[in-house]
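Structural overview
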Amino acid sequence: MAAAKIIDGRAVAQQVLAEVEDGVSRLRQAGVVPRLATVLVGEDPASRAYVGNKRRTCEQVGIESVHHQLPASTTTEVLLELVRELNEDRAVHGILVQLPLPGRMDTQAVIEAIDPAKDVDGFHPVNLGRLVAGLETFASCTPAGIVELIHRSGFETRGRHVVIVGRSNIVGKPLMNLLVQKSPAGDATVTLCHSATREVAEHTRRADILVAAVGRPGLIRAEMVRPGAVVIDVGINRVEDPDAPRGYRLVGDVDFEAVRERAGAITPVPGGVGPMTVAMLMVNTLKAARRAAGL
Ligand code: GUN
């Protein structure tokens, strides 16, 4: 079997970003400047890199970003106060609090404090509930980016069996709900595997489309993949590598070199799902700004 097609998430993300840039420029002509507030608590290097990337992408498409950097010692109450201020600020259309927050903070209270109309991450229970009900919502960026990437790469989900490994609130659960919607972007049959699933490989081998979203390098091995399947790797894991310039390299949850010999198509890490997540954040921020302007 020929080696898998490599799905170029960077290229697809650029298509999406070009569309967002166009929408932003039209909104600016109507007198509205879309603005995203980003909040980072502490100095975690990976989180800093993600937020920096999101802000650079804002600049690329013409969205203004305003960053709030808080010390790692910040209390939940102080962060909640900032979120309330951002909720009230009519010039701010989207609020992004980078996760994870330091362990002692009440993450759920922070998520629930964000005005659902500014919840461009789609983490608020109101938006998650609307997603489940098939109503207009902000879909979380990684799941929305995965669906967009699959379709823009020429693969259908309708009638296909999608197996997702990982049941997080950020990826697995919302992705399952997007994919089962009665719509051309959904209409899939979905199996969701998690840490209590028995014989995970029995499920993954039946997948037309396999999504790995656990955060464990090498989780998906070649024998777990049906020949010809589309494999979407959501993991972004730092593994030590003394030969790499920074002492580590990024790998996904999929044993890429082995699985590419068996899959029909596969996303690389980096350069697969990651750029799509950021692109969908821009889509959601533009949508929030349009809605706030009554457009
Ligand atoms: N941490 C990991 N992924 C995400 C994301 O999509 N949004 C936020 N806010 N934090 C994250």
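Residues numbered from 1 in each chain as written. Predicted model: local features only at pLDDT ≥ 70, side-chain atom pairs only at ≥ 80, totals over all residues. Heavy atoms only, no water.

**Structural notes on the overall build of the protein chain**
Each helix and strand in the protein chain was counted, giving 10 helices and 11 strands. Across the 295 residues in the protein chain, those meeting the buried criterion constitute 48%. Long-range contacts, defined here as pairs at least 24 residues apart, represent 71% of the contacts in the protein chain between residues at least 6 apart. By element, 51% of the accessible surface of the protein chain is carried by carbon and sulfur atoms, the whole surface being about 13800 Å². Separation between the mean location of the 34 positive side-chain charges and that of the 34 negative ones in the protein chain comes to 4 Å. (Helix = DSSP H or I, 4+ residues; strand = E, 2+ residues; numbered from the N terminus. Buried < 20%, exposed > 50% of the residue type's maximum accessible area, 1.4 Å probe, protein only. Contact = heavy atoms within 4.5 Å. Areas by Shrake-Rupley, 256 points an atom, 1.4 Å probe, with all protein chains shown as cover. Lys, Arg positive; Asp, Glu negative; His and termini not counted. Charge placed at Lys NZ, Arg CZ, Asp CG, Glu CD.)

**Considerations on the packing of helix H1 (residues 9-29) against helix H10 (residues 273-292)**
How two helices pack is summed up by the angle between their axes together with the distance between the axes. Packing of H1 against H10 leaves a shortest axis separation of 9 Å and a crossing angle of 15 degrees. Relative to H10, H1 is oriented roughly parallel. The element H1 and its partner H10 pack so that their crossing is left-handed. Packed against H1, whose contacting residues are Gly9, Arg10, Val12, Ala13, Val16, Leu17, Val20, Gly23, Val24 and Leu27, the element H10 presents Pro275, Met276, Ala279, Met280, Met282, Val283, Leu286, Ala289 and Arg290 at the interface. Per-class residue counts for the contact of H1 with H10 are 15 nonpolar, two polar and two charged. (Axes fitted to C-alpha atoms, helices over the stretch in contact; angles between N-to-C directions. Parallel < 35°, antiparallel > 145°, perpendicular 65-115°, else oblique. Left-handed = near helix turned anticlockwise from the far one by under 90°. Nonpolar A, V, L, I, M, F, W, Y, C, P; charged D, E, K, R; others polar.)

**Some thoughts on the nonpolar core**
If you look at the biggest cluster of nonpolar residues, it comprises 49 residues, and the most contacted ones within it are Ile146, Val211, Ile232 and Met282. At the level of secondary structure, the elements contributing two or more residues to this core comprise H1, helix H2 (45-61), helix H6 (141-152), strand E5 (161-165), helix H7 (172-179), strand E7 (209-212), strand E8 (230-233) and H10. Counting residues per element, this core draws most heavily on H10, at 10 residues. Setting aside residues up to four positions removed in sequence, Ile232 forms contacts with Ile7, Ile146, Ile150, Ile209, Leu210, Val211, Ala212, Thr267 and Val273. Residues Ala37, Leu101, Met105 and Ile114 belong to the second largest nonpolar core, which totals 19 residues. (Core = buried A, V, L, I, M, F, W, Y, C linked by side-chain atoms within 4.5 Å.)

**Describing the site of the ligand**
In the neighbourhood of the ligand, the contacting residues comprise Lys54, Leu96, Val97, Gln98, Leu99, Asp121 and Phe123. Gln98 has a polar side-chain atom sitting 3.3 Å from a nitrogen atom of the ligand. Between a nitrogen atom of the ligand and a side-chain N or O atom of Asp121, the distance comes to 2.6 Å. Taking 280 Å² as the accessible area of the ligand by itself, protein coverage stands at 83%. Classifying every residue of the shell around the ligand gives four nonpolar, one polar and two charged. (Near = heavy atom within 4 Å. Polar contact = N/O pair within 3.5 Å; in protein donor to acceptor, adjacent residues only side chain to side chain.)

**Points about the sheet that holds strand E2 (residues 35-41)**
Where strands meet in a sheet, backbone hydrogen bonds hold them as pairs that are either parallel or antiparallel. The strand order E3-E2-E4 describes an open sheet built from three strands, whose pairing is parallel. For this open sheet the edge positions go to strand E3 (64-70) and strand E4 (94-97), each flanked by a neighbour on one side alone. Sheet twist, expressed as the mean angle between neighbouring strand axes with direction ignored, is 15 degrees. When E2 meets E4, the two strands line up parallel, connected through four bridges. (Pairing = 2+ DSSP bridges.)

**Examining the side chain of Ser153**
Structurally, Ser153 is set in the loop between H6 and E5. There is a polar contact of 2.6 Å between the side chain of Ser153 and the backbone oxygen of Leu149. In contact with Ser153, not counting residues within four places along its chain, are Lys5, Ile7 and Val12.

**Focus on the environment of Glu156**
Within the element layout of this structure, Glu156 appears in the loop between H6 and E5. Sequence-distant contacts of Glu156, defined by excluding residues within four places in its chain, comprise His151 and Ile209.

**Comments concerning the packing of H1 against H2**
Closest axis-to-axis distance for the H1/H2 pair is 8 Å, and the angle between their directions is 55 degrees. Considered as vectors, H1 and H2 are oriented oblique to each other. Residues Gln14, Leu17, Val20, Glu21 and Val24 of H1 pack against Thr57, Gln60 and Val61 of H2. When grouped by side-chain class, the residues that make up the contact of H1 with H2 number four nonpolar, three polar and one charged.

**Considerations on unusual backbone geometry**
Following Leu99, the chain continues into Pro100 via a peptide bond in cis, with omega recorded as 0 degrees. Mapped onto the elements of the fold, Pro100 is located in the loop between E4 and helix H4 (107-113). With a phi close to 50 degrees, Glu199 is a non-glycine residue in the positive phi region. Residue position: Glu199 is located in the loop between strand E6 (189-193) and helix H8 (200-204).

On their own, these measurements won't tell you what the molecule is for.
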